Amino acid sequence: MSDTILQVRDLRTVFPTRTGLFKAVDGVSFDLKRGQTLCVVGESGSGKSVTARSILQIVDRPGRIESGSILLTRADGSITDLAKLDPRGRDIRSVRGKEIAMIFQEPMSSLSPVHRIGTQIGETLRIHFGTSKHEQRERVLELLRQVEIPRPESAIDRYTFEFSGGMRQRVMIAMALACNPSVLIADEPTTALDVTTQAEILDLIRKLQKSHGMAVLFITHDMGVVAEIADDVLVMYRGKVMETGPVEQIFHAPQDEYTRRLIGSVVKLEKKAEARTARAAIPAGTKPLLDVRNLSMTFPSGLKAVDDVSLTVRPGETLGIVGESGSGKTTMGRCLLRIYDPQAGSIDYRRPDGQTIDIRTADKASLQKVRREVRMIFQDPVGSLSPRKNVGQIIAEPLKLAGMRGRELDDRVAELMLQVGLEPSWRERYPHAFSGGQRQRIGIARAIAVNPRLIVADEATSALDVSLRSQMLDLMMKLQDELGLSYVFISHDMSVIRYMCDRVAVMYRGKIVETGDTDQVINAPAHDYTRALLSAIPHPDPRNRRMHNRFRYDASRAASANG
Amino acid sequence: MTDIVSLPPETGPSLDLRGKDMAVAGQWRLFWLKFKKHKVALVSLVVIIFMYLVAALADFIAPYDPNATNSRFTYAPPQVLSLLLDGSFQPHVDQLKMTLNTESMRREFTPDPTKPLPVSFFVPAQPYRLLGFIPMQTKLFGLANPKPGDSMYVFGADRLGRDIFSRVVHGAQVSLSIGLVGVFMSLILGVTIGGISGFFGGWVDLGIQRLIELLRSIPTIPLWMGFAAAIPVGWPPLRTYFVITLIVSLIGWTSLAREVRGKFLSLRGEDFVTAARLDGMSEIGIIFHHLVPSFISHIIATLTLAIPSMILAETALSFLGIGLQPPIISWGVLLQEAQNIRAVAQAPWLLFTPAAAIVISVLALNFLGDGLRDAADPYESVS
């Protein structure tokens, strides 16, 4: 019992809404033990964040804790029920930051941009211990060293916007550690970060947990991260706990139906799709559908987002473009449709009659023709559909512009909706009535409406929950077989690339560092960056934790070594 | 504990239906649903509709000709309209008895309860044309059988014995419409210039934005005074009226242009606009199919918020004597009468009646505008 530092029993947090009380957290119980990591996992809207916020009584208004107890064993051995404390009172404030610290998903918005980081971290010390200015600085330097921020003496006087996302998250962690808390709550701390940065932050949290003996409550939607770091797992769904147990059991012997499905959809993405393993290879001599040569694109700010990129897409093939944020993959995809105007290179697109058009220099008329054959699926299922048009109008738009009218148009829209798995009777509905996955289906229907030959899919699944991801990819592959489509599939997520792509190109800082068959790139990466990227991906199997043995890539060192 | 868990009864069974309704609810339905929640704005909307109705039907509602003078009743105080007489429903006013105070050399009026003057609805009147084209011979209410010496001044009379109530009702025509006309001009100027600025960008945008800043940096009252002073005295009242609206809308369009430009810029980056461009839609098509529907509700809200400032501008100009001039009746012109302290001390109704009309209409329009603005983007909370 002395081992348990936080005991949550039957916690209920509710939000009053127009139609009644919304139970965000509905009877959640768990124990958090000293030196252990409990991962709370669930899809968006499962109430995992609200659970964490309830512990510190920082639930957004008008939400409130309705019942339940949160028993915290304090440093002096006494036990306090946090749920009974006044959310604005002195008692809860003495707990926040001092005994239970929290780090958030978005390090930029959780740090103040107008204070130097030294002042921000020092403030916690001042509030809880009344530490003097001089001592504060010493302690802050020590903390910055602990979170492995390079050159702490100069970093302490910098502002948050001078740091990268990963460094900011380190600052947040330093701040959380300032008072030696006994519990650390981490609310999706790595979701906004790239995989390689995520790996470093997870490493750091684990290291600090060991040295400080903290209990960590780690909230995430990523089963890979869970497998890498958890001791125990709590699976949530719609505010309720579906299953709780040691990480081994959750991954290898799940009891609950929902957990089984969740693990199943994660594991499914761990290998190539069945629909693709058996497919006949594309004959080597096939003329490429799209032939990009030496493409370069520099933004007016001087940023060279695409740097001398060459790649080919063959008919019926899926080419994956993988890279971290800022690698230029989205810009490259947008150049393919001339949403941006690249300055140099060529994008030769072969039309069905064998004639090729260079999209980069095409005139307005031929560009319009090409854009009927090369289409795009967007990342954000909310922003890419006009909220003011109903689904029928959205899907009909490209058809109308292609000259289709009346009965024929209605029939085609109904056919398309069926094709992507939507009920044609929903055509009168507006996008706000659909879930993220359904909206993405609408986007796909709009893309395939005019019988395209090539689709550029820009992070088409990254805004979706993991259980929907494989469904969406399966749909895209089904359409590929039915319509003879080719895809350029842009993603930061290696697992979706592996699941559906025939070939993959790895992008790093605007350049393509490696291209090849997906199997070959994943199993035998030739470039060091690819190796680093692959080894940083959390593997959803707690028996095979490999992230701490990962390979690190240092661009400057690699460059000097190569001459 | 159990009562908290159960839902309110009326939402229980109809929940499904409601969800289905919401699913096919377009922009304007959602707009209305969100606007409805803003109770003050809803009340204000009713008030505004009522005031514009009164203005439109001024000839019918005002019991007197607003320019009819009556030397017998200079500075006559408001007469109370009582509905009951001897326990039965008989609307009436008490006749005013005038005495001359020889000490202050002023006329003093006292209501005489022994001589009730019956008031009735739909009384016959001099022939007039309602809204300028419907020939009418009745007024909404008035004295049942007026004799010389009888009066019904519900808000009192001014120094020439003109009925303040009739004058305020007629003044609403000019004061409320000057806001609308002015805003309409602002709308055209603002949307065109703001649209050009946001659409073309570059140096066009730069030039227009600097022009807006320049215009906004000029103190408004001296600018208006300068323009108003340039209006020839001999111009007919109607022409003066239009020039004045032009002058007050001179400043109004700038904020609208900025709003439109901002919306243009933010919407152009949206994925659904990019998608439309990839669908092969022309720039004009994008503007009218995607951009305009997205910001039209914002524009309506901004316009509503601009009307009160137009009304106040007209009032201020007319009060200073450089806007509209008698014989045109506007609330600002009416306030001119209340400029000298003696008139106010002796007949405070000269000040309070038009002022109340202005305050009520400006407040109501502001609340309405707030409500519209909050509802302008109904998609923030829905998704």
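Note that the structure is a prediction, hence the values are computed from the model and not measured. (Residues numbered from 1 in each chain as written. Chains lettered and ligands numbered in written order. Predicted model: local features only at pLDDT ≥ 70, side-chain atom pairs only at ≥ 80, totals over all residues.)

(A) Molecular detail of the overall build of chain B. Helix and strand content of chain B: 15 helices and four strands. The C-alpha atoms of chain B give a radius of gyration of 27 Å, which is well past the 21 Å a tight globule of 383 residues would have. Expressed along its principal axes, the backbone C-alpha trace of chain B runs to roughly 85 × 70 × 45 Å. Sequence-distant contacts, at least 24 apart, represent 70% of the contacts inside chain B between residues at least 6 apart. (Helix = DSSP H or I, 4+ residues; strand = E, 2+ residues; numbered from the N terminus. Rg over C-alpha atoms; globule rule 2.2 N^0.38 Å. Contact = placed C-beta atoms within 7 Å.)

(B) Quick peek at the overall build of chain A. In terms of helices and strands, chain A carries 22 helices and 20 strands. For a compact globule of 563 residues, the expected C-alpha radius of gyration is about 24 Å, and chain A comes in at 26 Å, within 12% of that figure. The dimensions of chain A, computed from C-alpha atoms along their principal axes, are 80 × 60 × 45 Å. A sequence separation of at least 24 residues applies to 67% of the contacts in chain A between residues at least 6 apart.

(C) Looking closely at the interface of chain A and chain B. Each partner contributes residues to the interface: chain A has 29 residues there, and chain B has 27 residues. Looking at the side of chain A that touches chain B, the elements that each hand over two or more residues are β2 (20–33), α14 (364–373), β16 (374–377) and α15 (391–401) of chain A.

(D) Summary view of the environment of L211 of chain B. Here L211 of chain B is to be found in helix α7 (residues 202–217). The sequence separation of L211 of chain B and L143 of chain B amounts to 68 residues, and the corresponding C-alpha distance is 57 Å.

(E) Local environment of the sheet that holds strand β4 (residues 134–143) of chain B. Residue and element names in this part refer to chain B. The strand order across the open sheet formed by four strands is β1-β2-β3-β4, and the pairing between neighbours is antiparallel. Each having just a single partner strand, β1 (82–85) and β4 make up the two edges of the open sheet. Neighbour-to-neighbour, the strand axes of this sheet turn through a mean angle of 50°, independent of strand direction. (Pairing = 2+ DSSP bridges. Axes fitted to C-alpha atoms, helices over the stretch in contact; angles between N-to-C directions.)

(F) Molecular detail of the domain arrangement of chain B. Residue and element names in this part refer to chain B. Per the domain assignment, the segments making up chain B are domain 1 (73–160) and domain 2 (167–382). Counting residues at the interface gives six residues for domain 1 and eight residues for domain 2. For the side of domain 1 that touches domain 2, the per-class residue count stands at three nonpolar, one polar and two charged. (Domains from an automatic or database assignment. Nonpolar A, V, L, I, M, F, W, Y, C, P; charged D, E, K, R; others polar.)

(G) Representation of the sheet that holds β2 of chain A in the model. Residue and element names in this part refer to chain A. Strand order in this open sheet of four strands is β2-β1-β4-β5, and the pairing throughout is antiparallel. The two strands at the open ends of the sheet, each matched to only one other strand, are β2 and β5 (79–81). Going from strand to strand, the sheet's axes swing by 10° on average, the running direction of each strand aside. Pairing geometry for strand β1 (residues 4–17) and β2, over 11 bridges, is antiparallel. Of the residues in β2, the one forming a bridge with V14 is K23. The strands touched by helix α1 (residues 48–55) are β1, β2 and β4 (64–73); relative to β2, the strand with the most contacts, the crossing angle is about 70°.

(H) Structural view of the pairing of β4 of chain A. Residue and element names in this part refer to chain A. With seven bridges connecting them, β1 and β4 associate as antiparallel partners. Its bridge partner lying in β4, T13 is registered against I65. Bridging between β4 and β5 involves three bridges; their strand directions are antiparallel. Within β5, the position partnered with L72 by the bridge is T80. Where β4 hands over to β5, the hairpin turn is made up of five residues, of which G77 adopts a positive phi near 90°.

(I) Region of interest: the nonpolar core. Counting residues in hydrophobic clusters, the biggest one holds 244 residues, and the most contacted among them are A174, V183, L217, I395, V488 and V506 of chain A. The element best represented in this core is helix α6 (residues 164–200) of chain B, accounting for 12 residues. Shared between two domains, this core takes at least three residues from each, and those domains are domain 1 (73–160) and domain 2 (167–382) of chain B. Sequence-distant contacts of A174 of chain A, defined by excluding residues within four places in its chain, comprise I121, L143, L144, Q146 and V147 of chain A. (Core = buried A, V, L, I, M, F, W, Y, C linked by C-beta atoms within 7 Å. Buried ≥ 20, exposed ≤ 12 C-beta atoms within 10 Å, placed from the backbone.)

(J) Local environment of the environment of Y237 of chain A. Residue and element names in this part refer to chain A. Counting through the fold element by element, Y237 comes out in strand β9 (residues 232–237). You can call Y237 buried: it has 20 C-beta atoms within 10 Å. Between the alpha carbons of Y237 and E274 there is a distance of 29 Å; along the sequence they are 37 residues apart. With sequence-adjacent residues up to four places away left out, Y237 is seen in contact with G42, S46, M242 and Y258.

(K) Quick look at the pairing of strand β13 (residues 318–322) of chain A. Residue and element names in this part refer to chain A. Counting buried residues in β13 gives five out of five residues, a clear majority hidden from the surface. Burial along β13 is two-sided: the face carrying T318, G320 and V322 and the face carrying L319 and I321 are both buried. Sheet topology note: the β13/strand β19 (residues 503–508) ladder contains four bridges and is parallel. Bridging from a neighbouring strand, I321 pairs with A505 of β19.

(L) Inspection of α15 of chain A at higher detail. Residues V391, I394, I395, A396, E397 and P398 of chain A constitute the buried set of α15 of chain A. Its buried side turned inward, α15 of chain A meets α16 (406–419) and α17 (436–448) of chain A together with α10 (271–278) of chain B. A positive phi of about 100° marks G403 of chain A, the residue just after α15 of chain A.

(M) Expanded view of the packing of helix α8 (residues 195–212) of chain A against helix α21 (residues 528–536) of chain A. Residues and elements named next belong to chain A. As a packed pair, α8 and α21 sit with axes 8 Å apart at the nearest point and diverge in direction by 50°. In terms of orientation, α8 lies oblique with respect to α21. You can see that α8 and α21 cross each other, and the crossing is left-handed. Residues V195, T196 and A199 of α8 pack against A532, L533 and A536 of α21. (Parallel < 35°, antiparallel > 145°, perpendicular 65-115°, else oblique. Left-handed = near helix turned anticlockwise from the far one by under 90°.)

(N) Broad picture of helix α9 (residues 237–268) of chain B. Taking 1.5 Å per residue, 32 residues should reach 46 Å; α9 of chain B reaches 45 Å between its end C-alpha atoms and fits that length. For α9 of chain B, the principal kink sits at L250 of chain B and spans about 40°. (Expected span 1.5 Å × (residues − 1). Bend = angle between axes of the 7 residues up to and from the residue.)

(O) Focus on unusual backbone geometry. Residues and elements named next belong to chain A. Of note, N180 is a non-glycine position whose phi angle comes to about 50°, a positive value. If you trace the backbone, N180 turns up in the loop between α7 (165–177) and β7 (183–187). One non-glycine residue, N294, adopts positive backbone phi at about 50°. Using a count of 12 C-beta atoms within 10 Å as the deciding quantity, one classes N294 as exposed.

(P) Highlighting the confidence of the model for chain B. Residue and element names in this part refer to chain B. Looking at chain B, the pLDDT average stands at 78 and 93% of residues meet or exceed 70. Per-element averaging of pLDDT across chain B places helix α1 (residues 2–5) at the bottom with 33 and helix α4 (residues 39–56) at the top with 89. Contacts of residues 1–18 to residues separated by more than four positions or lying in other chains number eight contacts, the stretch itself having pLDDT below 50. Scored as a complex, the prediction yields pTM 0.77 and ipTM 0.76. (pLDDT = per-residue confidence, 0-100.)

(Q) Just the environment of S255 of chain B, in detail. Residue and element names in this part refer to chain B. Tracing the chain through its elements places S255 in helix α9. Judged by local crowding, S255 falls into the partly exposed class, with 18 C-beta atoms found within 10 Å. Placed 25 residues apart in sequence, S255 and G280 show a C-alpha to C-alpha distance of 33 Å.

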